[in-house]
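One letter stands for each residue in the lines below.
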Amino acid sequence: MEYLESTGTQYIDTRIVCDDVSNYDMQISFVLQRVIVGNSGQDILGARKDTGNRSFILFVPNNMQGLFLNLAGYSSLNTPLVLSENIIKTGDLFNITAEINQLNNTATVVFNDVLLYENVSWVGDLYCGYSLYLFAVHGDSGIRDPVAAKIYKYRMFKNDVLVLDFIPVLDSYGVPCMYDRVTDSFFYNQGTGQFIPGPVKQ
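Residues numbered from 1 in each chain as written. Predicted model: local features only at pLDDT ≥ 70, side-chain atom pairs only at ≥ 80, totals over all residues. Heavy atoms only, no water.

A. Representation of the overall build of the protein chain in the model. Along its length, the protein chain carries 0 helices and 17 strands. Relative to its full complement of 202 residues, the protein chain shows a buried share of 50%. Across the protein chain, every contact between residues at least 6 apart in sequence was considered, and the portion connecting residues at least 24 apart equals 60%. Here the protein chain displays about 9100 Å² of accessible surface, and carbon together with sulfur accounts for 49% of that area. (Helix = DSSP H or I, 4+ residues; strand = E, 2+ residues; numbered from the N terminus. Buried < 20%, exposed > 50% of the residue type's maximum accessible area, 1.4 Å probe, protein only. Contact = heavy atoms within 4.5 Å. Areas by Shrake-Rupley, 256 points an atom, 1.4 Å probe, with all protein chains shown as cover.)

B. Structural context of unusual backbone geometry. Even without being glycine, Arg-15 reaches a positive phi, approximately 65 degrees. Looking at the element boundaries, Arg-15 is found in strand S2 (residues 12-17). The exposed category is assigned to Arg-15, whose relative accessible area is 53%. Its identity is not glycine, yet Asp-184 carries a phi of approximately 55 degrees, on the positive side. Position of Asp-184 among the secondary structure elements: in the loop between strand S15 (176-180) and strand S16 (185-187).

C. Structural view of the nonpolar core. By size, the foremost hydrophobic cluster in this structure holds 43 residues, and its most contacted members are Tyr-24, Leu-45, Leu-134 and Tyr-154. Once residues lying within four places of it in the same chain are set aside, the contact partners of Leu-45 are Tyr-24, Met-26, Phe-56, Ile-57, Leu-58, Leu-132, Tyr-133, Leu-134, Ala-136, Val-137 and Tyr-154. (Core = buried A, V, L, I, M, F, W, Y, C linked by side-chain atoms within 4.5 Å.)

D. The arrangement of the pattern of salt bridges in detail. Applying the stated criterion across every chain, the model contains 3 salt bridges. A salt bridge links Asp-25 to Lys-153; the nearest nitrogen and oxygen atoms lie 3.5 Å apart. Of this pair, Asp-25 sits in strand S3 (residues 21-30) while Lys-153 sits in strand S13 (residues 149-158), placing them 128 residues apart in sequence. With a relative accessible area of 31%, Lys-153 lands in the partly exposed category. Residues joined in a network through salt bridges with shared partners are Asp-25, Lys-153 and Arg-155. (Salt bridge = Lys/Arg side-chain N within 4 Å of Asp/Glu carboxyl O.)

E. Representation of the confidence of the model for the protein chain within the structure. The predicted model of the protein chain averages 80 in pLDDT, with 79% of residues at 70 or higher. The weakest mean pLDDT in the protein chain belongs to strand S9 (residues 114-121) at 68; the strongest belongs to S16 at 98. Confidence drops under a pLDDT of 50 for residues 75-85, and excluding neighbours within four residues, the segment shows 28 contacts in the predicted structure. (pLDDT = per-residue confidence, 0-100.)

F. Representation of the packing of aromatic side chains within the structure. In total, this model carries 8 aromatic pairs according to the counting rule given. Seen in terms of ring centroids, Phe-166 and Phe-187 are 4.8 Å apart; in terms of plane orientation they differ by 55 degrees. Their pairing is tilted. Here the residue Phe-166 occupies a position in strand S14 (residues 161-170), and Phe-187 occupies one in strand S16, the gap between them amounting to 21 residues. Site record: aromatic cluster; members linked through ring pairs are Tyr-154, Phe-166 and Phe-187. Between Arg-15 and the ring centre of Phe-187, over which it is positioned, the NZ or CZ distance is 3.9 Å. (Phe/Tyr/Trp six-rings, centres within 6.5 Å; stacked < 30°, edge-to-face > 60°. Lys NZ or Arg CZ within 6 Å of the ring centre and 35° of its normal.)

Next comes the structure, spelled out in structure tokens:
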């Protein structure tokens, strides 16, 4: 299957907590522009504790004019990783890779082969004790603002070891989900409704 599509109410619990040195590699396209009332945009990936400035959030703003990264609640990094004129268009395919190093508080982000941040530093601690959600952010009161998007692949490394390797599939009952090639297990929607399956790969 080419991708797993969320309409904006579905998400996956990766069961992995962000700590030490972690790397992320994903391919994504955005389905629609959704204005999230009372918040700044659609959450792609992350976890957040509302107290103590403990967060790791990757999201697109309501105006779709960039890719934003929030680390440890540190506002100086809550800025566009893409120049404002480079509006993210729905349907376009984007590759995002990131390294978040909590041992020396640095982050490096690459967006479609363009180096956006290199070893940029922040103040604070990302560790909040919550597992990372994909298609949303894991917060104190549950999920935050899920993104309406198609995810084609998602991989995560911890300390240079591959811990997740998601590919979109249909299980034996025909339910669209992510299959992890590392643990040989299926990860299902934890939200409402159902993921939309993409076409079968040729």
